[in-house]
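# Overview (structure and organization)
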Amino acid sequence: MRRPLGGRLRLSSTWLGAAPFLVYTGAFLLLPTVLVAVGAFSGAHGPTLSNLTQLDQPYIVSAFVNSLVLSAVSASVGAVVGAVLAYAVVTGSPDGVMRRLVTALCGVLSQFGGVTLAFAFIATIGTEGFIVIWLRQHGIDFYPNGVWLFSLTGLTLIYTYFQIPLMVIVFMPALDGIRPQWREATETLGGATWHYWRHVAGPLLLPAFLGAWLLLFANAFSAYATAAALLDIGGVIVPLQISRALSSEVGLDQSSLAAALALGMVVVVAVITVGYSWLQRRSARWLPR
Amino acid sequence: MSGLDNRPIGAARGGTRTAAEVRLEELSRQYGSTVALDGLSLTIQAGELVALLGPSGCGKTTALRLVAGLEDADGGRVVVDGRDVTHLPPNRRDTGMVFQAYSLFPHMTARENVAFGLRMRKVGAEERRRRAGEMLELVGLATQADRYAHQLSGGQQQRVALARALAIQPSVLLLDEPLSALDARVRSQLRDEIRRVQREVGITTLFVTHDQEEALAIADRVGVMRAGRLEQMGPPTSIYSQPATPFVAEFVGLTNRLPGMVTGGAVDVRGIRLPLIAPDTPDGPAVALVRPEAVSLAPTAESSNGPLSGTVIAVSFLGAVSRLTVDLGDTQVLVQIPTAEAAAHPGGSRVRIALRQDPVLITRDGGPERR
Amino acid sequence: MNRRRRRRLTVFKTGVYVVLGLFFLLPLAAMVEFATRGVGISSPRTLSAFTSIGSDPELVDAITASLELAVITSVAMLALLLPTMIWVRLRLPRMVRPVELVCLTPLTIPAIVLVVGFAPIYRWIEINVSDSILTLAFAYLILVLPYSYRALDAGLSAVDIRTLSEAARSLGAGWGTVMWRVIVPNMSSAVTNACLLCVAVVLGEFTVANLLNFENLQVAISILGTGNASVSIALAVLSLVFVFVFLLVLSFLARSLSRRRRTARA
């Protein structure tokens, strides 16, 4: 790349370095996104808004509501439990076995979703699951009011299984940024543990915590595989609606609906991402990396 | 230099607390198999500034943290103002602490940081604001009250930390190497600031550092520590001119090690007889510890070859003084003289050294290697 | 920290680890239990579910395909991302933020959405390039971008690449040498991390493969699950154990690599 053939040529040889990346993401990231956006507005006879108005139908609206509730609940449980676990890990030795083990485990489990996870829970608390059988042998009925595993409730529980590790991974750096001197300074100034959390650590960690919550929310909102494995393809949540539209045999009409649904999802997640980066910036201001 | 009278704290600011005496009695602390403190005992008089000086690992920071309550002692007691605080948690000990770095709360302004301790004591908002303002004025930062930590320089941050520690009017002020993380120039300015504030407020202070220049400049008394024990405790001048042990002599200031022979209460070094700090030292071979400023130079002929003749092999210009390294053949000697004088003895010139008749410390632990 | 606090902290930590350990390990244990069940109620445990994996050609194909995809995606990710990120940091600093934004986009545009846009593209690929399952690598490379970017970025931030590259260039090194022999060796753990995440994501990917009608590991498990639960769960256990062991081994390897280098330098 050392060809000083005059100013402009040299400038573009620098840009050549970034070209492969730009070309690739242009083809496989930008293009599909554009196709989704275009698809959302196209109908059998040219551009149309009819796909978007279709989103008004009650079964689709309830799918969105279900998705939002599912995401909010699993994000909240995941955030709180994950924060507690992250705190437990961070207070140990930074090079210790426990920390490395838990971090590696969380790395795997946060990606552990979909089919395998659904099956794992079916194996645990499904109708012939290991815990159900064991309790039955002791005379306890695990499902006195009917089996709830294959419903939104079950799905929410299963989602926490990967939300918690994700929280640990995302939130731990913020906890690492808390300097021990702050705690010691609080103590020498007369503060007790709860003063510390209320006035020092709490406010400092809040932006990171909220940001992580948003990430968990987006994660649950976008998840497809677990739901596909657990529930009918029918589609009580948006991702399942999309897959139904895509694999429908009616053809083009449904693929535009899929695109419209996809666009709806993008809007929700985009709003969340914007909120997340704003919170990230605020948190980075105070907490050293 | 010393002001050991029992001045009321905050006399200049209208407070009426009297300064407290701090006693460390046989403090010991162990981490696993490492002994950090080995029965440390010392007393800090009311209103005094004591510096604990020593290399890393000597236990000085551990001692400080034991006084603050941030660590638990394995044995011994900490007594503040007659009260045994050894088993009290840090938030009940009435101590103020300034850390080496990073201790300001990043999400609060300077004023809010300083007012924090007052908030813990449920002082009202108006009163907090007023007293925080006073404290910031005391350390010269009244105009920066609404800045955040990352907007302040290192020196300014430490001044805010000092104001914060003093705002709660503690009985004891503890400083854990507060200047170590700062640039050299800021360090000496802030050192004087801290001393000024400490004397104005009249608070009993324990200052930990590894920089001997700092300790000598700022303290009423200096305690030199090594391996968990106090080697010597006394005013800076004593520590410097009458070191009790070779470790102190070599840690504080520079030392030349000159082999010689002790006979009859004085030591014979290369033909010169020097008085001893401890005149009852038994006879025998020994190494005399001589300060560079106690050595003087006179020019000598090229051919001269006596035990006091040598060649200047290096000259370090240090501003007002210069340090010359003179090779005497079998050993090297550091000489410190005013720069104007040093001009007469450039590198390569032959010189003859002379030793001033200051009492010296001797050691029996080895040869003439220079530090 | 004083003793009382340290004790309370230990109690807290133990409690957390035990409770959450149970929560996370139970389903895994249940999977192993399910996969080793015998035919009748009180039959002995059997590994027949595990051994029968090898005898099903469709399954073996799916496993092989997923492993190949994992490798291809990791290599492609390094080949694409690493030079780009280094180059951009050194020569096009104004592009750092845009590149970061692009790499983090797949978080905003999740797989389920992207696959709607992939569908027509893959119809084209099927006709004009190949109908092999390995073409999924194109899509997977995009899916792993955010994770790999973050891992590599952490590594790059820890190394002062500007100083290193200037030093190397002043000693006569070309850009290639700077990248491969100066910078990359200093971020071995970040590179390892990025690959780890790549492998984990690819082996666990279901959405895109499923909706584009390819049969990768996860899709195979899902299809099997409806018919033969034990075998599919056995396969799931294996894939999980594999990834976990893989991650642990590689993370210890990276640590010992950097430690060896550090002691060699000292």
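Conventions we followed
Residues numbered from 1 in each chain as written. Chains lettered and ligands numbered in written order. Predicted model: local features only at pLDDT ≥ 70, side-chain atom pairs only at ≥ 80, totals over all residues. Helix = DSSP H or I, 4+ residues; strand = E, 2+ residues; numbered from the N terminus. Buried ≥ 20, exposed ≤ 12 C-beta atoms within 10 Å, placed from the backbone. Contact = placed C-beta atoms within 7 Å. Domains from an automatic or database assignment. Nonpolar A, V, L, I, M, F, W, Y, C, P; charged D, E, K, R; others polar. Pairing = 2+ DSSP bridges. Axes fitted to C-alpha atoms, helices over the stretch in contact; angles between N-to-C directions. Parallel < 35°, antiparallel > 145°, perpendicular 65-115°, else oblique. Left-handed = near helix turned anticlockwise from the far one by under 90°. pLDDT = per-residue confidence, 0-100. Expected span 1.5 Å × (residues − 1). Core = buried A, V, L, I, M, F, W, Y, C linked by C-beta atoms within 7 Å.

## Quick word on the overall build of chain B
For chain B, the helix and strand inventory stands at nine helices and 22 strands. Seen through its C-alpha atoms, chain B measures out along the principal axes to roughly 80 × 45 × 40 Å. Buried positions account for 44% of the 371 residues belonging to chain B. Taking the intrachain contacts of chain B between residues at least 6 apart in sequence as the baseline, contacts between residues at least 24 apart amount to 68%.

## Considerations on the overall build of chain C
Summing up its helical and strand segments, chain C has 12 helices and zero strands in all. When the helices and strands of chain C are placed in sequence order, the string is α-α-α-α-α-α-α-α-α-α-α-α. Scored against the burial criterion, the 266 residues of chain C give a buried share of 41%. Of the contacts formed within chain C by residues at least 6 apart in sequence, a portion of 76% connects residues at least 24 apart.

## Structural notes on the domain arrangement of chain B
Once the domains are mapped, chain B shows domain 1 (8–94 + 170–246) and domain 2 (254–363). Inter-centroid distance (C-alpha atoms) of domain 1 of chain B to domain 2 of chain B is 35 Å.

## Here's the deal with the interface of chain A and chain C
At the junction of the two partners, chain A supplies 57 residues and chain C supplies 63 residues. Elements represented by at least two residues in the side of chain A that touches chain C include exactly helix H2 (19–40), helix H4 (58–90), helix H5 (97–111), helix H6 (114–125), helix H10 (193–222), helix H11 (225–230), helix H12 (238–246) and helix H13 (252–286) of chain A. Considering each element in turn, the side of chain A that touches chain C owes the most residues, 12 residues, to H2 of chain A. Its residues assigned to classes, the side of chain A that touches chain C shows 39 nonpolar, 17 polar and one charged.

## Quick look at the sheet that holds strand S9 (residues 172–176) of chain B
Residue and element names in this part refer to chain B. Taken in spatial order, the six strands of this open sheet run S8-S9-S10-S5-S11-S12, and their pairing is mixed. At either margin of the open sheet sits one strand with a lone partner, and together these are strand S8 (95–98) and strand S12 (229–234). Each strand of the sheet is rotated relative to its neighbour by a mean of 20°, with strand direction disregarded. Note: strand S5 (residues 49–53) against strand S11 (residues 221–226), four bridges, orientation parallel. For Val50, the partnering residue across the bridge sits in S11 and is Arg221. Here helix H1 (residues 60–68) sits on the sheet in contact with S5, S8, S9, strand S10 (204–209) and S11, set at roughly 145° to S9.

## Quick word on the packing of H5 of chain A against helix H8 (residues 152–176) of chain A
All names here are of chain A. Direction vectors running N to C along H5 and H8 enclose 130°, while the axes themselves pass 8 Å from each other. The orientation of H5 relative to H8 falls into the category oblique. Crossing handedness for the pair H5 and H8: left-handed. Here Cys106, Gly107, Leu109 and Ser110 of H5 lie close against H8, whose contacting residues are Phe162, Pro165, Leu166, Val168 and Ile169. Each residue belonging to the contact of H5 with H8 can be placed in one class, and the counts come to seven nonpolar, two polar and no charged.

## Considering the confidence of the model for chain B
The predicted structure's coordinates, where accompanied by low pLDDT, should not be read in detail. Here chain B averages 88 in pLDDT, while 94% of its residues score no lower than 70. In the predicted structure, residues 1–16 of chain B sits below a pLDDT of 50 and forms 36 contacts with residues beyond four places in sequence or in another chain.

## Remarks on the sheet that holds strand S18 (residues 309–317) of chain B
All names here are of chain B. One open sheet accounts for five strands, arranged S17-S21-S18-S19-S20; its pairing is antiparallel. Each edge of the sheet is formed by a strand with only one pairing partner; in this case those strands are strand S17 (295–299) and strand S20 (332–338). Each adjacent strand pair in this sheet contributes to an overall mean axis angle of 45°, direction not counted.

## Some points on the pairing of S20 of chain B
Inspection of the sheet shows strand S19 (residues 321–327) of chain B paired to S20 of chain B by seven bridges, in the antiparallel sense. Bridging from a neighbouring strand, Val326 of chain B pairs with Val333 of chain B of S20 of chain B.

## Some words on H5 of chain A
Taking 1.5 Å per residue as the helical rise, H5 of chain A with its 15 residues ought to reach 21 Å, and the 22 Å between its terminal C-alpha atoms agrees with that figure. Taken together, the buried positions of H5 of chain A are occupied by Val102, Cys106, Gly107, Val108, Leu109, Ser110 and Gln111 of chain A.

## Here's the deal with unusual backbone geometry
Positive phi, normally seen in glycine, also occurs at Glu177 of chain B, with a value near 45°. One can find Glu177 of chain B in the loop between S9 and helix H5 (184–201). The phi angle at Asn213 of chain C is positive, at roughly 65°, despite the residue not being glycine. Mapped onto the elements, Asn213 of chain C comes out in the loop between helix H10 (207–211) and helix H11 (217–227).

## Describing the nonpolar core
Core analysis: the largest hydrophobic core is formed by 274 residues, its most contacted members being Met167, Phe171 and Ala262 of chain A, Val67, Leu206 and Ala288 of chain B together with Met31 of chain C. Dropping the residues within four chain positions of it, Met31 of chain C is found in contact with Phe119, Ala120 and Ala123 of chain A together with Ile233, Ala236 and Val237 of chain C.

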